[in-house]
Amino acid sequence: MLSDTLGVADNFKSNAGSTQVPCKASEETSSGTDSFEWICDERIAANNVEISSVSATTDLAEVVIVGFEWESYPCAKGYFSTDGTNGISGNPTCGECDNGYYQAQFASWSTNVTSCTQCERTPLENLYANDLTDKADKCVSCPIPKVIFDTDLSTCDFCEAGKEYFASGCDATFTVPTDRAANIVNAVTSGLSSTAGCTTVNCVDCPDGTYNGNNSPNFCKQCADGEVPNTGKSACDQCQAGTYMNAGRTACDACEAGKISVNGATSCAFCASAGDYTDDKITCKTCPDGEEPKTTRDGCDECDAGQYKSSSMDTCATCAAGSVTTTTGRSECTKCQPGTFEETNTVCTNCDAGKYQAAEGKDSCDTCDAGKYSEAGASVCLTCDPGQSLDTDQTGCTDCETGFYSNDPTQTTCSACAATEYTDAVKQITCKTCNLGEESNAGKTGCDQCNPGEYRDSSVTVCTDCAAGSYSDSAGTAQCTLCNEGYKQPGTKSTECIACPAGEYADTKGATSCSPCPDGHVSAEGSAVCTICDPGTYALNNVCEPCPAGNFTDRPGETSCSPCQKGYISEEGEAQCELCKAGTYEEDNLQCVECGINKYQPVQGSTECKTCPNNYYSSQIGASDCTVCPDHYYAYAGSDCQKCPATYEEIVADTSLSGNQEEKCKSDLGDGCFGQTITNQYGNWTTPWLMVGKSYTAKCTYDEPTADTAAVFVCTLKSEGDNKTELVKEFTCLKTTNSNELEKVLENLNKTSDDKAIDMEKITSKTADNGLGDVSVVTDIINSITDSTTESLSPNLTTSILQSVSNLVESDLKADVTPNSQDITQSMVNTIKKVATSVKTKNVPIATSSVAVMDVKNDADNNAPNSEGVLTFNLESNTNLEGLKVGTTDSAATPALMIQTKSSGVSTQRDMSIVLITDSTLMLDAGISITPVVKSDEEAKEKAKTIVADIMRNLDSDGNGTEDTTTSKTYVNSLITEVTVNPKDDDDDDSGFQLDLFLRPTLDIGDTDTSLNTSTSGTRVQIQYLCAMYNEAKGKWEESCKTIYDTMDPIKGVICICNHNTSFAVLMSAYEIDRGYAVVQSYLTWILLGISTLGLALTLCFLLPAAELRKTRSAKINVCFTVSLILASLLFLVQDLFIKSDNNGVIKLRSTGCAVYTMLQHYLWLVVFMWMIIEGFLMYLSLVQVFGSHISKYMLKFNLAAWLIPVPFPLIGYFVFTNSYTVGEGEQAVSLIDHNYMAETMCFIKPETIAFYTLFLTPLCLCIIINLVFFALVAKVIKNSKSSGNISDNEQMLRQLKAAVGVMVLLGTGWFIGIFMSVPVPAFQVYMQYFFIILNSTQGTFVFLFYIVLNDQVKTHWMVKFGFAEAKKTTTSSSAAAATKNTTMSSTAAKPAKTKENIYENQAADQGAEEDHTYSTAEYANMDKSGKHEFPAKSDDNANI
């Protein structure tokens, strides 16, 4: 054996290193000779030879080894010389044969093999070589069934897909399988055991109908049933539906027509149902109704006529007897209808005339019964119609001719009409009688009409002439027509009537003559009545002529006109003379001429103008009054104003000044009031010179000399501290120039009620001349009318009465409020109420410009306008009632008034009387200013501005900010509504009665911002509305109802919720909404609270970053208290950024956002109160109780209490105290929200309300009471604290005072002052307000001062932190600690000494500082001999306070 222990295998040697190989494999052993020679014909490298003996007795004599140098040895088998050299000529370069090639020759010494031979390819495709052994010999055969079928001759592969292994000429028998069924696997190895001797080995295509997959070791086999080989025979494809596998299994053939198959079918078949067919060879389809499958089963044919097929049938069938199909393709047969029969299966034939068939589906007809007939196709036999005769063959009927009739349908002939009758058409049942106004003709085939002028009624049989007074203007008249009113006819047989001539009339029908018109009446031709001439015209020659200018007629039916009175004018055709207004005079009854410069006329109906008196002037024409000359100016009567001398001495020295002018100049210097001439409806007076404070009393011009009335003139200063004077005029006068005329009307017993009312209306039309006495006389006149009238008041009479009252309402009565004047006006109101119940027309308002009445009564049909308990008045403007309407309208405008009556909260219908008045002239109240009369919207707007300014100005002059000026000038700003509701008929107990009203304001005062003002004294006031009633007994307006209105838009209206009957109105006045100097206080609050908020922020900045400062219980509580206080303060400060008084801010007043803001502010201040209580409780535990004061998880409990307990309060406030009120029903119902939780001008709790007192003030009082108790207890501890001896008594007292103030700040005892702000003493309230603002707006400032600035612990910490001081070590001991611990040393910076803790932190707790401050084992930190404990702040080492 040879081995090479030095080398490794390479391409020059055939043995690997360290591997023993025989020299020759075939000659490993030799025997029988003494010497042996082996020539190794392979390239075997060796450096070691091993000879082994088979027999142990064999001895080796000699071993000779001859070898060549490796490099010169020729190339071995399996190699070839790459450069053609051999071992002698040089060192050959040997290369191994490529795969698929071989070299089996051993190289000789003289030559070398230079190439390898390729393995045989055909017909043997299974030879290959891919290792040296194969390459050194002939190529070897691939294992069965692999072959070589590509250029790679080194690898054997299975036959490609679609092919199978094939061999021929082999030694062994090559057997091809005969059964290639799909379920049989025929391995090639079973058909050939060896390729030895084979002349051909290759792959051949699979036989038809078989396939073979890729890398298959088997013979090709058949596909499964229903599948055929694909194109490459590599796999099987399933036959698709509509095809089937053919007999040779080579392809899927299409099914025959009319047959189907499924996927993978081996055959096709007809559809299972005989009624099905297929047109796609895949699916079976049912033929539609009326069709059957073709014989080929690939479509449908329609059924023939006479046949049918339904959905339940497979093929067509013949119709049953009595049924047919007239066309092909029918799904059912149609039964022959009554009147027909089935003759063939394809048609129904009509029955012959005289026969019938009543049933359907028959194949024959029946003959009609006797006396009846039928036409062809009849289903029944008929009887002839009345007016007909039956044909003898029963095939039809014949109509009776004119002049004949038949009422027996079985008759074969018609009957002739009787005398006086006729038939005007064929087929008549009876003969007709001629109509009235007609007579029959000779042939009885019709009637002839009576001639015009004739008639025939039921009483006669021939046409008769019309009588006198009647006519007939057309032929055929049954009755002559009476001549209409205004016409006559004296003759007979007339065809028309004659019109009455002008100036005559006929007021009845059938007149034979006309009557002349009475005086004052006229008529046109053909008049039934004479027309009375209207007021403003008179009768002349049968014409109503207009009165000429300057004349009038105020009554109808006059024959002449009357000239206007002096002071009146009229244009042509006027019914009334127009009163010349003040500032003008009447000229020739034709025109009113305006007064010139420096002239005036204060009264209406004057015939001349007056000259302005001394010291008065008028700079414009048409002046109704003269204006006093400006200060330091005077004037002579009828002249312009001139400037007074400058000084008193110059005035006295000026001789050009008369007495009156001199008085004027002196009065302007403040000495007194100059003499003046005063003229009004009560008289004319000239006052003397009056010193300030002096008065002049004069008798009333028109009153009785003995009457207790007077005109009083008082000289006063205009305002305190001002030297300007004014003459104040007061009148208790009654009678005027009108009073005498009105009294004559009252005393005239001959005048009718209508005449009295007209005269009264005319007299009072001079509104400038009306006075208080006139109110009294008019009241008496109205009472005399109502008392003397047994019937109800007519609408015209009522209107005239109300117009007189309107004239008084629109007058300036200039009446002082006295018991007498109030009795007079109230008597008038009661009289109007009586008029309201006396009107004839119910449920309809009767209105004049300023007064309206209405009596509401239910009739039998329940037609009252308040049928649902709601009465709605619609009016374009509150200033004029003439357009008053009742009930709902299509207008989108807000109703002027709504009245709703309720019983126990349910709207109920009630009878009532209503009086509406535009202002309070007739309801005198010293506290109410009369609203000036306005007649247009523009005037109303300007008047509203004037009144608002007047209210504010008056409040400035009345109040100085320290008095309780609850109201200033007050105006009525709605219709005055007098409602008298009658008791229920069935129950006089009205305990549950409720009267709800909605009133629209007369004047628009604007929104909250417009109606809000600050007086010159600083008082914040707002114009507000108030529902009020007029108290007759007290003679004043009083609040009596709940008032609801939208302060942001008051013009929307006011809802008054009442429980009584009386006079209602909405009052308008300015009310103080913030007592004290609101503006100054606001600025002070913003400044101090801003500083306080900054102090709180700095407090957090110094405490939060320092963990060691926040370890104590007191510090943690202080941080929570500070956070809550800063949140509440910030929310209060920033609200002006979002909420504007003009409601133009991001958050709208009274909105949902405002409600949320209000509740949030409310909640945060209650949280602050909670933390103040917790601060007090903690002080009590730390300084008073000390022992047993441990609370587990105290911060969690305190936070839950502080943040959760206040939550329900704002929710209750908003949802309980915000209510909606509605007046009315349906579309015109008006709803307003009563905000008793939110304030009008800001998003905070509304002050002085139940919500404020119960949900804010009460928690505050509880907090204050609790903390006052805690403060007293803590203050006692502070007071009893003992000095350490190192400080003086003064310093000790100062420390105690600081401690007390610091405790007070944390406990919030300053809020205690807020309670006293509700004390109704204005001056005291102001002081309390300032005190409250200063204490509570600086709470955050003092927190920062006492607990940061004056806290040595905090100062030391931050000085050390910033390097301004060094940390020092302090020995701290306590009696409590001594019991369990030795004296401890601690760094001040790391753990401050207890002498620098917060003032109420117990020093004994030092031992438990890291144990949640447990005080159960603590003792007093410092105890003197007497047993008193030393207050923690008393340490000599830089105490806190």
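Residues numbered from 1 in each chain as written. Predicted model: local features only at pLDDT ≥ 70, side-chain atom pairs only at ≥ 80, totals over all residues. Heavy atoms only, no water.

Engineer: Even after reading the chapter, I still don't get unusual backbone geometry, so can you show me in this structure?
Structural biologist: Apart from glycine, the bulk of residues carry a negative phi angle, and the bulk of peptide bonds sit in the trans form. Of note, the amide linkage connecting Ile144 to Pro145 takes the cis form, showing an omega dihedral of 10°. Following the sequence through the fold, Pro145 ends up in the loop between strand S8 (140-141) and strand S9 (163-168). For Arg297, which is not glycine, the phi torsion reads 60° and is therefore positive. Looking at Arg297, the relative accessible area reads 15%, which means it is buried. (Helix = DSSP H or I, 4+ residues; strand = E, 2+ residues; numbered from the N terminus. Buried < 20%, exposed > 50% of the residue type's maximum accessible area, 1.4 Å probe, protein only.)

Engineer: Mind showing me how you'd approach the packing of aromatic side chains here?
Structural biologist: By convention here, two paired aromatic rings are described through the distance between centres and the angle between planes. Throughout the structure, instances matching the rule amount to 21 aromatic pairs. Aromatic side chains Tyr696 and Phe713 sit 6.2 Å apart centroid to centroid with 20° between the ring planes, which places their arrangement in the stacked category. One end of the pair, Tyr696, is in strand S67 (residues 695-698); the other, Phe713, is in strand S68 (residues 711-717), and 17 residues separate them in sequence. Residue classification places Tyr696 among the partly exposed residues on the basis of a relative accessible area of 26%. Residue class for Phe713 comes out buried when judged on its relative accessible area of 0%. In textbook terms, an aromatic cluster arises when at least three aromatic residues are bridged by ring pairs, as seen for Tyr682, Trp685, Tyr696, Phe713 and Phe731. (Phe/Tyr/Trp six-rings, centres within 6.5 Å; stacked < 30°, edge-to-face > 60°.)

Engineer: Looking at this structure, how should I read helix H11 (residues 1113-1133)?
Structural biologist: Residues separated by three or four positions in an α-helix point in the same direction, a consequence of the helix having 3.6 residues per turn. Taking 1.5 Å per residue, 21 residues should reach 30 Å; H11 reaches 30 Å between its end C-alpha atoms and fits that length. By the criterion of burial, H11 is predominantly enclosed, with 15 of the 21 residues buried. (Expected span 1.5 Å × (residues − 1).)

Engineer: For this particular structure, what's the right way to read the state of the cysteines?
Structural biologist: Note on terminology: disulfide describes a covalent bond linking the sulfur atoms of two cysteines. Applying the stated criterion across every chain, the model contains 38 disulfides. Between Cys142 and Cys156 runs a disulfide, and the two sulfur atoms are separated by 1.8 Å. Here the S-S torsion is close to -75°, and the disulfide linking Cys142 with Cys156 is therefore left-handed. One end of the pair, Cys142, is in the loop between S8 and S9; the other, Cys156, is in the loop between S8 and S9, with 14 residues separating them in the sequence. In this pair, the class of Cys142 matches that of Cys156, namely buried. One disulfide bridge connects Cys287 with Cys300, the sulfur atoms lying 1.9 Å from each other. Taking the sign of the S-S torsion, -90° for the link of Cys287 and Cys300, the bridge is left-handed. Remark: Cys300 occurs in strand S22 (residues 300-302) and Cys287 occurs in the loop between strand S20 (285-286) and strand S21 (291-293); sequence separation between them is 13 residues. Owing to a relative accessible area of 3%, Cys287 belongs among the buried residues under this scheme. The thiol sulfur of Cys1261 is not disulfide-bonded, and the nearest other cysteine sulfur, from Cys1263, lies at 9.7 Å. (Disulfide = S-S within 2.5 Å.)

Engineer: Would you explain the sheet that holds strand S69 (residues 725-731) in this entry?
Structural biologist: Read across the sheet, three strands follow the order S67-S68-S69 without closing on themselves; strand pairing throughout is antiparallel. In this open sheet, the two edge strands, each paired with only one partner strand, are S67 and S69. Here the strands of the sheet are splayed against their neighbours by 20° on average, with no regard to which way each runs. In terms of strand pairing, S67 meets S68 through four bridges, oriented antiparallel. (Pairing = 2+ DSSP bridges. Axes fitted to C-alpha atoms, helices over the stretch in contact; angles between N-to-C directions.)

Engineer: Teacher, can you tell me more about the side chain of Ser849 here?
Structural biologist: With respect to the secondary-structure elements, Ser849 resides in the loop between strand S70 (846-847) and strand S71 (851-856). At a separation of 2.5 Å, a polar atom in the side chain of Ser849 contacts the side chain of Glu810. (Polar contact = N/O pair within 3.5 Å; in protein donor to acceptor, adjacent residues only side chain to side chain.)

Engineer: Please clarify how the nonpolar core should be interpreted in this entry.
Structural biologist: Burial of nonpolar side chains together is a common tendency in soluble globular proteins. Core analysis: the biggest nonpolar cluster contains 55 residues, and Trp685, Ile801, Met828, Ile832 and Trp1037 have the highest contact counts within it. Looking at which element gives the most residues to this core, the answer is helix H6 (residues 772-788), with seven residues. If sequence neighbours within four positions are ignored, Trp685 has contacts with Gln676, Thr677, Ile678, Asn680, Ala698, Lys699, Cys700, Thr701, Ala711, Phe713, Phe731 and Cys733. In this structure, Trp1171, Leu1178, Phe1252 and Ile1264 belong to the second largest nonpolar core, which totals 53 residues. (Core = buried A, V, L, I, M, F, W, Y, C linked by side-chain atoms within 4.5 Å. Contact = heavy atoms within 4.5 Å.)

Engineer: Can you walk me through the environment of Asp1136 in this structure?
Structural biologist: Checked against the element boundaries, Asp1136 lands in helix H12 (residues 1135-1138). Considered as a pair, Asp1136 and Cys1243 are 107 residues apart in the sequence and their alpha carbons are 9.8 Å apart.

Engineer: In this structure, what is going on with the packing of helix H7 (residues 795-809) against helix H8 (residues 819-838)? I would like to understand it.
Structural biologist: To describe two helices that pack against each other, one gives the angle between their axes and the distance between the axes. Two elements in contact, H7 and H8, have axes separated by 11 Å at closest approach and are oriented at 160°. Between H7 and H8, the crossing angle belongs to the class labelled roughly antiparallel. The handedness of the crossing between H7 and H8 comes out as left-handed. The segment H7 lies against H8, with Thr798, Ile801, Leu802, Val805 and Leu808 engaging Met828, Ile832 and Val835. For the contact of H7 with H8, the per-class residue count stands at seven nonpolar, one polar and no charged. (Parallel < 35°, antiparallel > 145°, perpendicular 65-115°, else oblique. Left-handed = near helix turned anticlockwise from the far one by under 90°. Nonpolar A, V, L, I, M, F, W, Y, C, P; charged D, E, K, R; others polar.)

Engineer: Even after reading the chapter, I still don't get a nonpolar patch on the surface, so can you show me in this structure?
Structural biologist: On the surface, a cluster of nonpolar side chains totalling about 570 Å² of accessible area is made up of Leu1196, Leu1200, Leu1204, Val1207, Leu1211 and Phe1215. Those elements that provide at least two residues to the nonpolar patch are helix H14 (1194-1204) and helix H15 (1208-1217). With three residues, H14 is the single largest residue contributor to the nonpolar patch. Its place among the elements puts Val1207 in the loop between H14 and H15. (Patch = residues over 30% accessible without salt bridge, like charges linked within 9 Å, V, L, I, M, F, W, Y side chains within 5 Å. Areas by Shrake-Rupley, 256 points an atom, 1.4 Å probe, with all protein chains shown as cover. Salt bridge = Lys/Arg side-chain N within 4 Å of Asp/Glu carboxyl O.)

Engineer: What should I look at first to understand H7 in this one?
Structural biologist: In this model H7 runs 20 Å from its N-terminal to its C-terminal C-alpha over 15 residues, within 8% of the 21 Å that 1.5 Å per residue would give. Among the 15 residues in H7, 12 count as buried, and that is most of the element. Listed in full, the buried residues belonging to H7 are Leu797, Thr798, Ser800, Ile801, Leu802, Gln803, Ser804, Val805, Ser806, Asn807, Leu808 and Val809. Elements that come into contact with the buried residues of H7 comprise helix H5 (753-764), H6, H8, S70, S71 and strand S76 (912-917).

Engineer: Honestly, the packing of H6 against H8 in this entry has me stumped. Any pointers?
Structural biologist: Between H6 and H8, the shortest axis-to-axis distance is 9 Å and the interhelical angle comes to 30°. By the angle between their directions, the pair H6 and H8 is classed as roughly parallel. Judged by the twist between their axes, the crossing of H6 over H8 is left-handed. Residue-level contacts link Leu772, Val775, Ser776, Val778, Thr779, Ile782, Asn783, Thr786 and Asp787 of H6 to Ser821, Ile824, Thr825, Ser827, Met828, Thr831, Lys834 and Val835 of H8. Here the residues of the contact of H6 with H8 sort into seven nonpolar, eight polar and two charged.

Engineer: I would appreciate a short explanation of the pattern of salt bridges in the present structure.
Structural biologist: For side chains bearing opposite charge, pairing can occur when the charged atoms are close. Applying the stated criterion across every chain yields a total of 26 salt bridges. Between Lys493 and Glu454 there is a salt bridge whose closest N-O contact spans 3.8 Å. Within this pair, whereas Lys493 is found in the loop between strand S43 (487-488) and strand S44 (498-499), its partner Glu454 is found in strand S39 (residues 454-455), the two being separated by 39 residues in sequence. Of the residues examined, Lys493 reaches a relative accessible area of 43% and is grouped as partly exposed. A salt bridge links Asp1234 to Lys1042; the shortest N-O distance between them is 3.0 Å. Placement of the pair is Asp1234 in strand S88 (residues 1230-1235) and Lys1042 in strand S84 (residues 1042-1045), with a sequence separation of 192 residues. A relative accessible area of 7% means that Asp1234 is categorised as buried. The partly exposed category is assigned to Lys1042, whose relative accessible area is 32%. Among the ionic contacts, a cluster of salt bridges with common partners joins Glu454, Asp465 and Lys493.

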